[in-house]
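Reading the structure
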Amino acid sequence: MALEPHVYGASDRPPRGDYARAAADYTCEQAYQLYTPADHETYRRLYQRQAMLLPRLACDEFMAALPRLGVCERIPRFEEINQRLYSATGWEIVGVPGLIPEVAFFSLLANRRFPVTDWIRRPEEFDYIVEPDVFHDLFGHVPLLFDPVFADHMQAYGAGGLKAHRLGACEQLSRLYWYTIEFGLIRQKDGLRAYGAGILSSSGELHHAIHSVDTQRLPLDIVRAMRTRYKIDSYQKTYFVIDSFQQLFDLTAPDFTPIYEQLKGMPGSGLPT
Ligand code: HBI
Ligand code: FE
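Residues numbered from 1 in each chain as written. Chains lettered and ligands numbered in written order. Predicted model: local features only at pLDDT ≥ 70, side-chain atom pairs only at ≥ 80, totals over all residues. Heavy atoms only, no water.

1. Some thoughts on the environment of Asp233
- Of note, Asp233 is situated in the loop between α10 (222–226) and β6 (238–242).
- According to the relative accessible area criterion, Asp233 is partly exposed, its value standing at 48%.
- Considered as a pair, Asp233 and Tyr128 are 105 residues apart in the sequence and their alpha carbons are 9.3 Å apart. (Helix = DSSP H or I, 4+ residues; strand = E, 2+ residues; numbered from the N terminus. Buried < 20%, exposed > 50% of the residue type's maximum accessible area, 1.4 Å probe, protein only.)

2. Some thoughts on the layout of surface pockets
- Of the volumes computed, that of the second largest pocket is approximately 240 Å³.
- Every residue lining the second largest pocket is counted, 14 residues in all, and those nearest its centre are Cys28, Glu29, Gln30, Phe78 and Glu79.
- Elements represented by at least two residues in the lining of the second largest pocket include exactly α3 (78–89) and β1 (92–96).
- Taken together, the residues that form the lining of the second largest pocket break down as five nonpolar, five polar and four charged. (1 Å grid on protein atoms, 1.4 Å probe; cavity = no way out; pocket = protein on both sides within 12 Å on 5 of 7 lines; lining within 4 Å. Points joined across faces, edges and corners; volume = space filled by probe spheres on them. Nonpolar A, V, L, I, M, F, W, Y, C, P; charged D, E, K, R; others polar.)

3. Regarding the confidence of the model for the protein
- Averaged over every residue, the pLDDT of the protein is 93; residues scoring 70 or more account for 95%.
- In the model, residues 3–10 has pLDDT below 50 throughout and makes 17 contacts with residues more than four positions away in sequence or in other chains. (pLDDT = per-residue confidence, 0-100. Contact = heavy atoms within 4.5 Å.)

4. Topic: the site of ligand 1
- Taken together, 10 residues sit near ligand 1, with Gly98, Ile100, Glu102, Phe105 and Ser174 positioned nearest.
- Interatomic distance of 3.0 Å between a backbone N/O atom of Gly98 and a nitrogen atom of ligand 1.
- Between ligand 1 and the protein, one listed contact pairs an oxygen atom with a side-chain N or O atom of Glu102 at 3.3 Å.
- Across the complex, the protein chains shield 92% of the 390 Å² of accessible surface that ligand 1 would expose by itself.
- Counting only elements with at least two residues in the shell around ligand 1, the list comes to α4 (102–110) and α7 (170–182).
- No other element matches the three residues that α4 contributes to the shell around ligand 1.
- Split by residue class, the shell around ligand 1 holds seven nonpolar, two polar and one charged. (Near = heavy atom within 4 Å. Polar contact = N/O pair within 3.5 Å; in protein donor to acceptor, adjacent residues only side chain to side chain. Areas by Shrake-Rupley, 256 points an atom, 1.4 Å probe, with all protein chains shown as cover.)

5. Concerning the nonpolar core
- Core analysis: the biggest nonpolar cluster contains 82 residues, and Phe114 and Val142 have the highest contact counts within it.
- Broken down by element, this core gets its largest block of residues, seven residues, from α7. (Core = buried A, V, L, I, M, F, W, Y, C linked by side-chain atoms within 4.5 Å.)

6. Structural notes on the side chain of Asp133
- With respect to the element layout, Asp133 can be found in the loop between β2 (113–117) and α5 (134–141).
- Note on Asp133: relative accessible area 0%, which makes it buried.
- Those residues in contact with Asp133, other than ones at most four positions away along the chain, are Thr117, Trp119, Ile120 and Arg121.

Have a look at this one:
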């Protein structure tokens, strides 16, 4: 049985999931028979709305991979997706009751297992939810796990997370995760596009991230991203832009130990000086 994780980000509520269902590594069965017709309908409507918004805003790799999630008129079974995903990139998705502690999260990624929350938001949360649910996790994150370069980057990120934990730098690495995997932008041949799951699964932030005039869009700089605090309950003020997933992989491949050392001398880093 798994313990409830500590509170994440700025939330003052306990996480919603039932952690008694989870194993020691925080994974759990997808409780498929517990989904109601209303749950499936919420997923179908979310998927349909979001898929319509994507053209010219989502990156090419995401657009190409989205159909590989399979069914869109109900919540998919994780095993159905895994049959395709595992043969594409060796990744698999595993159910979790919601947000899980960082070390458990990083360990799963380092083993090419992506945790997907199994419950879905309530109808009154249709437009906005702070915690990840099955729609955010599947629609936002899983398509890019079909891309070989991005898939390798996610595994390396997990391994880097375990190291960051040993060095007391989880918060800094989590900021990088936030500004890349959750809210990253990419420069493509037809213009700026989103690849971050938090943008791709949000109806409002998709347009905002690409077109809003009162946001900063900076080339991805690891130190700067690690020094930039983030808000979990409003659109981002700053986005970081990459040129390719290969660039993201190359920027994040080095050992960050010297970067954490460098951050210790800098205000706003969140690390003791
Ligand atoms: N747990 N299920 C889940 N999903 C996440 O995205 C997640 C998490 N636990 C920790 C976490 N993210 C953050 O700390 C990341 O920055 C690593
Ligand atoms: Fe996410």
